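Now for the letters of each chain:
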Amino acid sequence: MDVKNTIISELYGGAVSGQQLADKLGISRSAVWKYIKALEKEGFRISAVPNVGYKLIGADPLSIGGVDKYAGGGWEISIKKETTSTNDEAKRLAADGVKCAAVLAERQTAGRGRLGRAFVSPYGSGLYISALIRPAISAADCGKVTAFTAVATAQAVEELCGMPVDIKWVNDLYMNGRKICGILTEGSVGMENGELDYVIIGIGVNVTRHAFPKELDGIASSVEVESGKKIDRCALAGGILKRLKGAEEALKDGAFIDEYRARSCVIGKTVIVNGDYEAKVKGIADDCSLRLERDGKEMSFAAGEITLKLK
Ligand code: BTN
């Protein structure tokens, strides 16, 4: 990590004196002071407390040091001011042979969701992150990646704002009945061995966003609007990445599935399937597919879209 991000990471750990930072970095105290001033210009709010040192009192910009601190290390992290889609960035890293990485952006100009939809990603008001991982799992287990990520992200959001998060099969997170997050998982499977080569997990969380298009009135919202809590995006990103590190084991043992079921807001409900027919959700199977009942017959539903039927 570079000097700037090392300072950010230290500040996220609590108050730290100029001398401690200077010793850690092998630079002078006045050089530390210059870095602190530069960080303030970038939007970090840092106070200098006499006899204590520098203290982070607020951070708005995404930073590698901040995300890494909360993730507990283990990720190659990059942050873009602007990109088309963080999933595109992560795909390029996968093509270059990178094993494990996380790409974040302040803004996406062509953010995308499932089923070819756009994911509008205004500057600074959301968390737009893609994680590239290569868990040694078979293609048959790929369907669980989105569900596992939904649980990991729900836990990370809840930890920060204290509000319950529900999951709408398969990839949407809801707070107070409104969508606050979507997940788009893309990947590549080896045709010869049927094993997953890589998977890119794209997560978009509306963090501070207040304004949504009219057609999303009452449907979409953000974590801050629903919880009234200020959310540090570095803490959120790090909280998600920390949990994603356990992906391979979780996908193999399926231990997350009970929590996925417990968080489901569709079990027992009547839904519209692919905009076409009505069915009742009986449950979620161990492979994370839905068990639906249609015209008295039970069926499995593994890919597609359901919408909750409003009474
Ligand atoms: C959905 O709601 O259908 C899924 C939305 C996924 C959005 C995230 S934001 C980060 C990553 N980059 C993208 O272009 N999409 C995902």
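Calculation notes
Residues numbered from 1 in each chain as written. Predicted model: local features only at pLDDT ≥ 70, side-chain atom pairs only at ≥ 80, totals over all residues. Heavy atoms only, no water. Helix = DSSP H or I, 4+ residues; strand = E, 2+ residues; numbered from the N terminus. Rg over C-alpha atoms; globule rule 2.2 N^0.38 Å. Buried < 20%, exposed > 50% of the residue type's maximum accessible area, 1.4 Å probe, protein only. Contact = heavy atoms within 4.5 Å. Lys, Arg positive; Asp, Glu negative; His and termini not counted. Charge placed at Lys NZ, Arg CZ, Asp CG, Glu CD. Domains from an automatic or database assignment. Near = heavy atom within 4 Å. Polar contact = N/O pair within 3.5 Å; in protein donor to acceptor, adjacent residues only side chain to side chain. Areas by Shrake-Rupley, 256 points an atom, 1.4 Å probe, with all protein chains shown as cover. Nonpolar A, V, L, I, M, F, W, Y, C, P; charged D, E, K, R; others polar.

Moving on, we get to the overall build of the protein chain. Helix and strand counts for the protein chain come out as ten helices and 14 strands. Whereas a compact globule of 311 residues would reach a radius of gyration of roughly 19 Å, the protein chain reaches 21 Å, a difference of no more than 12%. Expressed as lengths along the three principal axes of its C-alpha atoms, the size of the protein chain is roughly 75 × 45 × 35 Å. Within the span of the protein chain, comprising 311 residues, buried residues form 50% of the whole. Across the protein chain, every contact between residues at least 6 apart in sequence was considered, and the portion connecting residues at least 24 apart equals 62%. Separation between the mean location of the 42 positive side-chain charges and that of the 40 negative ones in the protein chain comes to 5 Å.

Here the focus is helix 1 (residues 3-12). Most of helix 1 is tucked away, with seven of its ten residues classed as buried. Along helix 1, the residues classified as buried are Asn5, Thr6, Ile7, Ile8, Ser9, Leu11 and Tyr12.

With that settled, consider the domain arrangement of the protein chain. Parsing the protein chain into structural domains produces domain 1 (3-58), domain 2 (64-262) and domain 3 (270-308). A straight line from the C-alpha centre of domain 1 to that of domain 3 covers 53 Å.

Moving on, we get to the site of the ligand. Not every one of the 20 residues close to the ligand is listed here, only the nearest: Ser85, Gln108, Arg112, Arg114 and Lys179. Within the backbone of Arg114, a nitrogen or oxygen atom sits 2.8 Å from an oxygen atom of the ligand. A distance of 2.6 Å is found between an oxygen atom of the ligand and a side-chain nitrogen or oxygen belonging to Lys179. Isolated, the ligand exposes 410 Å² of accessible area, and the fraction of that covered by the protein chains is 97%. Take the shell around the ligand: its biggest share by element is four residues, from strand 8 (residues 178-189). Residues of the shell around the ligand, tallied by class, amount to five nonpolar, eleven polar and four charged.

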